[in-house]
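What the coordinates show
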Amino acid sequence: MMNYKVGISIGLLKVKFLGVFILILCNPIFIWPVLKIIGPLFALFFLGLIFIRGRVSAKKLLLALFIFQILILYKYLQGASYFGVLYFSFVVALIVLVQNDTLIESFLVFKYILSIVVGFGIFVWLIHLLAGNSYHLFMGYLPDEYVLNQLKVETGARYGLYPLSTRIVYDSLAGFYRFQSVFDEPGYLGTVSALVIAASRGSLKEWTNKVIFLGGVLSLSLAFYILMFLYYILFFLKEPVKFIKVSVFVFLLAFSISFSPLGQFIIENYLVDRIAFEDGDLAGNNRSNDYLNDSFDYFFSEASFQEMLFGLPHFEGKGSSSIKQIPVTVGFAGVSIIILMYLMLAGSYLSRPSFYSAIFILIYFISAFQRPSIADPVYLFIFIAGLLYSETRKLPRRNDFSGGIGSDGSLV
């Protein structure tokens, strides 16, 4: 009996701890001052949890070692520090070692925690909007030296802090601003929200999904809107009646919002103007600057054999965040490595391909258009969990994550 209780506690701890760890890997603003300490500590503690009363199959161990090695090569080509190379590769290898059912439950824990954080942030945002003033609940600014992207500091951006929420402050504290929860920018929240919803089969029945979806909407992230638009068009091809219902709902919502001055401002400046095409590109695409575009063109037209193989040695991607950075920084060798890694993961976790897993994979790689961090642990976790979750015929319903733990610490 004592062993059974120990198995239950360790099994639950693995599930909940990994869910919390994934949120930590999203780099919420409140961990920035201790980012270099808390990440490795969580990773080492989780390593202990994996091997305490846990079973690691030879297949998973070999896959983890393989992913660890190729990620070291990829991160090295990307120009990461030695610490960054080892840390990111090690964390992804730990995720691969986890049992599949534990990964699914940890994904639910991550969604649960994320929805609570985003939900409280939405409450703060709503207070500011209704009051027309962002001074309410204001807790001061994050010191500039803690800001991860110092380019934002140089351009005059500051991070105003609120309970479970933050915003980038430029000239004033206005009542309306793009929602970003506890993350460094609205676009990050929008991208993560879209991928989480896509990994959940697009379902909005659970309250956690509703809150995360609303957070993505309020972020006014162009990536979120495009990804969700594409996802639901593909998803509802199987269920046209639902597609018509959702289309009517979205139309009526947009129509009603457009009657208010604020609604007109949002639609015109954050949606209509940003989806217009200028010189063959979206006007709202702020992920690629002139320096990156010139480097990208040079890479495919004038680069030497060595540069094409390993990337441009003196490239600096400041102010850009686009998939164009991948070939420019790591060359065709790095591109081959990242493709190989995803093929290995898909082959290992995609046991019975389905319509849901197919559209999830499509949306996942479309989202990579505006993020070069395709090999970061958070996105790889969402990719793996999304494959497993999309193929699960009977999705877990419980939100308390209690029970269902065997005596060996594994989920049953």
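Fair warning: this is a prediction, and the values are worked out from it, not measured in the lab. (Residues numbered from 1 in each chain as written. Predicted model: local features only at pLDDT ≥ 70, side-chain atom pairs only at ≥ 80, totals over all residues. Heavy atoms only, no water.)

**As for helix α8 (residues 207-218)**
Structurally, the α-helix is built with 3.6 residues per turn, so residues lying three or four positions apart point the same way. In plain terms, the rule: Put simply, DSSP marks the helices as runs of H or I at least four residues long and the strands as runs of E at least two long, and each gets a number from the N terminus on. Here a helix's expected span is defined as the number of its residues, less one, multiplied by 1.5 Å. In this scheme, a residue with accessible area under 20% of its type's maximum is buried, one over 50% is exposed, and one in between is partly exposed, where area comes from a 1.4 Å probe on protein chains only.
Between its terminal C-alpha atoms α8 stretches 16 Å, which fits the 16 Å expected from 12 residues at 1.5 Å a residue. Of all the residues in α8, the buried ones are Thr208, Asn209, Val211, Ile212, Gly215, Gly216 and Leu218. A positive phi of about 55 degrees marks Leu220, the residue just after α8.

**Regarding the pattern of salt bridges**
To be explicit about the condition: Salt bridge criterion: a side-chain nitrogen from Lys or Arg within 4 Å of a carboxyl oxygen from Asp or Glu.
Tallied over the full model, the rule gives five salt bridges. Between Lys152 and Asp184 there is a salt bridge; the shortest N-O distance is 3.8 Å. Note that Lys152 is positioned in helix α6 (residues 150-154) and Asp184 in the loop between β2 (165-169) and α7 (186-199), a separation of 32 residues in sequence. The class for Asp184 is partly exposed, based on a relative accessible area of 24%. Among the ionic contacts, a cluster of salt bridges with common partners joins Lys152, Asp184 and Glu185.

**Here's the deal with the packing of aromatic side chains**
What counts here: Classification of ring pairs uses Phe, Tyr and Trp, with its six-membered ring standing for Trp, and accepts pairs whose centres are within 6.5 Å; under 30 degrees between planes counts as stacked, over 60 as edge-to-face, and the remaining range as tilted.
This model, assessed by the stated rule, comprises 33 aromatic pairs. Relative to Tyr356, the ring of Phe355 lies with its centre 5.9 Å away and its plane at 75 degrees, an arrangement referred to as edge-to-face. Owing to a relative accessible area of 27%, Phe355 belongs among the partly exposed residues under this scheme. Judged by its relative accessible area of 22%, Tyr356 falls in the partly exposed class.

**A closer look at a nonpolar patch on the surface**
How we decide: Grouping into patches uses exposed residues only, defined as over 30% relative accessible area, and leaves out salt-bridged ones; the cut-off is 9 Å for like charges and 5 Å for nonpolar side chains (Val, Leu, Ile, Met, Phe, Trp, Tyr). For the area figures, the Shrake-Rupley method with a 1.4 Å probe applies, and any residue is considered shielded solely by the protein chains shown.
On the surface, Phe243, Ile244, Val248, Phe251, Leu252 and Phe255 cluster together into a nonpolar patch covering about 600 Å² of accessible area. Locating Phe243 in the fold gives a position in helix α10 (residues 240-257).

**Observations concerning the pairing of β2**
How we decide: By this definition, two strands are paired if DSSP reports at least two bridges between them.
Burial within β2 is extensive, with five of its five residues counted as buried. Judged by which residues are buried, β2 turns out to be covered on both faces: Ser165, Arg167 and Val169 on one side and Thr166 and Ile168 on the other are all buried. Bridging between strand β1 (residues 158-162) and β2 involves five bridges; their strand directions are antiparallel. Bridge pairing links Tyr162 to Ser165 in β2.

**Brief notes about helix α16 (residues 377-391)**
When the terminal C-alpha atoms of α16 are compared, their 21 Å separation across 15 residues agrees well with the 21 Å that a helix rising 1.5 Å per residue should span. Counting buried positions along α16 gives 15 out of 15 residues, so the element sits mostly inside the fold.

**What to know about the confidence of the model for the chain**
One rule of thumb: low pLDDT means the predicted coordinates there are not for detailed reading. Cut-off, in case you're wondering: Confidence of the predictor at the level of single residues is captured by pLDDT, which takes values from 0 to 100. Residues are treated as being in contact if the distance between any of their heavy atoms lies within 4.5 Å.
For the chain, mean pLDDT is 81; residues scoring 70 or higher make up 82% of the total. Within the model, the stretch residues 1-8 combines pLDDT values under 50 with 13 contacts to residues more than four positions away or in other chains. Confidence drops under a pLDDT of 50 for residues 395-412, and excluding neighbours within four residues, the segment shows 50 contacts in the predicted structure.

**Focus on the packing of helix α5 (residues 100-131) against α16**
Threshold: A fitted line through C-alpha atoms represents every axis, and for helices the fit uses only the stretch in contact; the resulting angles, taken between N-to-C directions, go from 0 to 180 degrees. Each angle is binned into one of four classes, with values under 35 degrees roughly parallel, values over 145 roughly antiparallel, values of 65 to 115 roughly perpendicular, and all other values oblique. Crossings are assigned a handedness: left-handed for a near helix turned anticlockwise from the far helix by less than a right angle, right-handed for a clockwise turn. Put simply, Ala, Val, Leu, Ile, Met, Phe, Trp, Tyr, Cys and Pro go in the nonpolar bin, Asp, Glu, Lys and Arg in the charged bin, and everything else, Gly too, in the polar bin.
Contact pair α5 / α16: the axes reach a minimum separation of 9 Å and the direction vectors enclose 110 degrees. One way to sum up the angle between α5 and α16 is to call them roughly perpendicular. Between α5 and α16 lies a crossing of left-handed hand. Contacts from Asn100, Leu103, Ile104, Ser106, Phe107, Leu108 and Lys111 of α5 reach α16 at Phe381, Ile384, Ala385, Leu388 and Tyr389. Grouping the amino acids of the contact of α5 with α16 by side-chain chemistry returns nine nonpolar, two polar and one charged.

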